[in-house]
Amino acid sequence: MSAYDVAVVGGGLMGAATAWAAARRGLHVVLFEQHQPAHAGGSSSGSARIVRRAYPDPFWVRLTGEAFELWRELEQTTGTSLLRLVGGLDHGGGRDPDTLAQTLRGAGVPCELLPADEAATRWPGLVFDGPVLHHAQAGTVDAEGAVAAFLTGAAAHGAQVVTGAAVTRIHADAGGAELTTPLGPVTARRVVAAAGAWMPDLLRGLVPLPPLTVYQQQVFHFERTTLAADTPVVIHKGERGVYHLPGGRSGGPGDARKVAEHDWSVPTSATTRDGVVLDAARERTVDYVRRWLPGLNPQPSSETTCLYTNTANEDFVIDRQGSVVVCSPCSGHGAKFAPLVGELAADLATGVPPREERFTLAAHLAGAAAR
């Protein structure tokens, strides 16, 4: 294999997005995925991830807007339909709908605040915890479909996609990088590490990463009884944080609702995860559905696990050190930003300074030292 401008390690959402962004700039790109793109052992499988604009921090609202524009561009250029915009609902004291509404309005994003009883009438099958924020620019993105679209777009611009090929070692200096692969050594001017939960092992001794903690999330699907298929995505933070959304293909032929806890999970690693759904998590989720989602059958129709790779403050890590670009947009809310993350990583690979200071290694390491 010849030398490349950019070698991407990892074929999930972020790696695939980076390959698309770099290849359409005319760069000579290769992507290595140790399994198959969007495989079930990583963080990019399944047909439904939440996209939304509602954040209390204007920083994230701005980035969601940039990401939405790029999602539409990806759909148009690849002829695929990836976004399912059903709207978004936020409720519960921990979500603070009033502050969310102020932030969205300040960014020019249309939204409305509704009393709980009015929201329950408008979306039968849901029970609400206090005032409800509704905004239209929210819904789901097809994660597996997005990976395929990114890679199709990258290949159309000349990128080479190599699957079933694990990168076992990266040797890098200021002049470039050499990757050890099953196909032999591969050299590149820049390497983008987008390995998700495998990042700590891949870059150990090469780049001083901030603490990255891998969690095994418990995810359930519940069949709909009276709840409409296009009921908005919901984030509810009361005693604990729970989100639910239309399940798409992963929900089976009836488009069962996907329900999961955001802030409860099992510490693990990419290589030691067991894929076991815990009885306690199932019981809590069933109890939640009985209380807050009467429009669903309260017995799960399917269940699975997925991986979160979290930073301490849930910010992303997107930065370059020497010839290595670290691309870890994580903490359970990164999927919605995938095409923007690809652009940021491709910028770094071409020598552009970091655009978002809070995503830099220095910012994370300084924060860790302060804690």
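Residues numbered from 1 in each chain as written. Predicted model: local features only at pLDDT ≥ 70, side-chain atom pairs only at ≥ 80, totals over all residues. Heavy atoms only, no water.

**Structural notes on the overall build of the chain**
Scanning the chain from N- to C-terminus turns up nine helices and 20 strands. For 371 residues, the compact-globule estimate of 2.2 N^0.38 gives 21 Å, and the chain sits close to it at 20 Å. Counting only residues that meet the buried cut, the chain has 55% of its 371 residues in that class. Taking as baseline every contact in the chain between residues at least 6 positions apart, the subset at least 24 positions apart corresponds to 73%. Surface summary for the chain: the accessible area is close to 14,400 Å², and the carbon and sulfur share equals 52%. Distance between charge centres in the chain, computed from 31 positive and 37 negative side chains, equals 1 Å. (Helix = DSSP H or I, 4+ residues; strand = E, 2+ residues; numbered from the N terminus. Rg over C-alpha atoms; globule rule 2.2 N^0.38 Å. Buried < 20%, exposed > 50% of the residue type's maximum accessible area, 1.4 Å probe, protein only. Contact = heavy atoms within 4.5 Å. Areas by Shrake-Rupley, 256 points an atom, 1.4 Å probe, with all protein chains shown as cover. Lys, Arg positive; Asp, Glu negative; His and termini not counted. Charge placed at Lys NZ, Arg CZ, Asp CG, Glu CD.)

**Description of the packing of aromatic side chains**
Across all of its chains, the model carries 12 aromatic pairs by this definition. Relative to Trp-60, the ring of Phe-59 lies with its centre 5.2 Å away and its plane at 80°, an arrangement referred to as edge-to-face. For the pair shown, Phe-59 and Trp-60 are each scored as buried. Put simply, the rings of Tyr-55, Phe-59, Trp-60, Phe-316, Phe-337 and Phe-359 touch in pairs and so form one group of aromatic residues. Over the aromatic face of Trp-20 sits the side chain of Arg-24, whose NZ or CZ is 3.8 Å from the ring centroid. Here Arg-291 stacks its cationic end above the ring of Trp-292, 4.1 Å away from the centre of that ring. (Phe/Tyr/Trp six-rings, centres within 6.5 Å; stacked < 30°, edge-to-face > 60°. Lys NZ or Arg CZ within 6 Å of the ring centre and 35° of its normal.)

**Notes on the nonpolar core**
Across soluble globular proteins, you tend to see nonpolar side chains buried next to one another. Judged by nonpolar contacts, the single largest core of 61 residues is most densely connected at Leu-13, Val-29, Trp-60, Trp-71, Phe-150, Val-192 and Phe-337. Listing elements by their share of this core, those giving two or more residues are strand 1 (4-9), helix 1 (13-23), strand 2 (29-33), helix 2 (58-78), helix 3 (97-106), helix 5 (143-156), strand 20 (324-328) and helix 8 (338-349). Residues from two domains meet in this core; each of domain 1 (4-45 + 144-211 + 313-370) and domain 2 (79-139 + 213-310) gives at least three. Among residues more than four places away in sequence, those in contact with Trp-60 are Tyr-55, Glu-314, Asp-315, Phe-316, His-333, Phe-337, Arg-358 and Phe-359. In terms of nonpolar packing, the next biggest core, distinct from the first, is built from 30 residues, Val-186, Ala-193, Val-207 and Val-214 among them. (Core = buried A, V, L, I, M, F, W, Y, C linked by side-chain atoms within 4.5 Å. Domains from an automatic or database assignment.)

**Thoughts on helix 5**
In this model helix 5 runs 20 Å from its N-terminal to its C-terminal C-alpha over 14 residues, within 8% of the 20 Å that 1.5 Å per residue would give. Listed in full, the buried residues belonging to helix 5 are Ala-143, Gly-145, Ala-146, Val-147, Ala-149, Phe-150, Leu-151, Gly-153 and Ala-154. Its side-chain oxygen at 3.4 Å from the backbone nitrogen of Glu-144, Asp-142 defines the N-terminal cap of helix 5. The positive-phi residue at the C-terminal boundary of helix 5 is Gly-158, with phi of around 100°. (Expected span 1.5 Å × (residues − 1). Polar contact = N/O pair within 3.5 Å; in protein donor to acceptor, adjacent residues only side chain to side chain.)

**A word on the environment of Gly-196**
Note that Gly-196 resides in the loop between strand 12 (184-193) and helix 6 (199-202). Separated by 140 residues in sequence, Gly-196 and Pro-56 place their C-alpha atoms 26 Å apart.

**Observations regarding the packing of helix 1 against helix 8**
Put simply, helix 1 and helix 8 touch, their axes get as near as 7 Å, and they point 60° apart. With respect to their mutual orientation, helix 1 and helix 8 come out oblique. Classified by chirality, the crossing of helix 8 by helix 1 is right-handed. Across the interface between the two elements, Leu-13, Met-14, Ala-17, Thr-18, Trp-20, Ala-21 and Ala-22 from helix 1 touch Ala-338, Pro-339, Val-341, Gly-342, Glu-343, Ala-345 and Ala-346 from helix 8. In the contact of helix 1 with helix 8, the residues fall into 11 nonpolar, two polar and one charged. (Axes fitted to C-alpha atoms, helices over the stretch in contact; angles between N-to-C directions. Parallel < 35°, antiparallel > 145°, perpendicular 65-115°, else oblique. Left-handed = near helix turned anticlockwise from the far one by under 90°. Nonpolar A, V, L, I, M, F, W, Y, C, P; charged D, E, K, R; others polar.)

**Examining the pattern of salt bridges**
Throughout the structure, instances matching the rule amount to 22 salt bridges. In this structure, the salt-bridge partner of Arg-355 is Glu-66, at a minimum N-O distance of 2.7 Å. You can see Arg-355 sitting in the loop between helix 8 and helix 9 (361-370) and its partner Glu-66 sitting in helix 2, a full 289 residues away along the chain. Of the charged contacts in the structure, one is a salt bridge between Arg-122 and Glu-112, with a shortest N-O distance of 2.9 Å. Separated by 10 residues along the polypeptide, Arg-122 in helix 4 (residues 116-122) and Glu-112 in strand 6 (residues 112-114) bring together distant segments of the chain. Here Arg-122 falls in the partly exposed class, since its relative accessible area comes to 41%. (Salt bridge = Lys/Arg side-chain N within 4 Å of Asp/Glu carboxyl O.)

**Some details on the UniProt feature "domain: FAD dependent oxidoreductase" (unreviewed entry) in the chain**
Feature annotation in UniProt assigns "domain: FAD dependent oxidoreductase" (unreviewed entry) to the following positions: residues 5-348. Along residues 5-348 one finds 27% helix and 32% strand; the C-alpha atoms at either end are 12 Å apart. (UniProt positions renumbered as here; feature names shortened; annotations may be inferred.)

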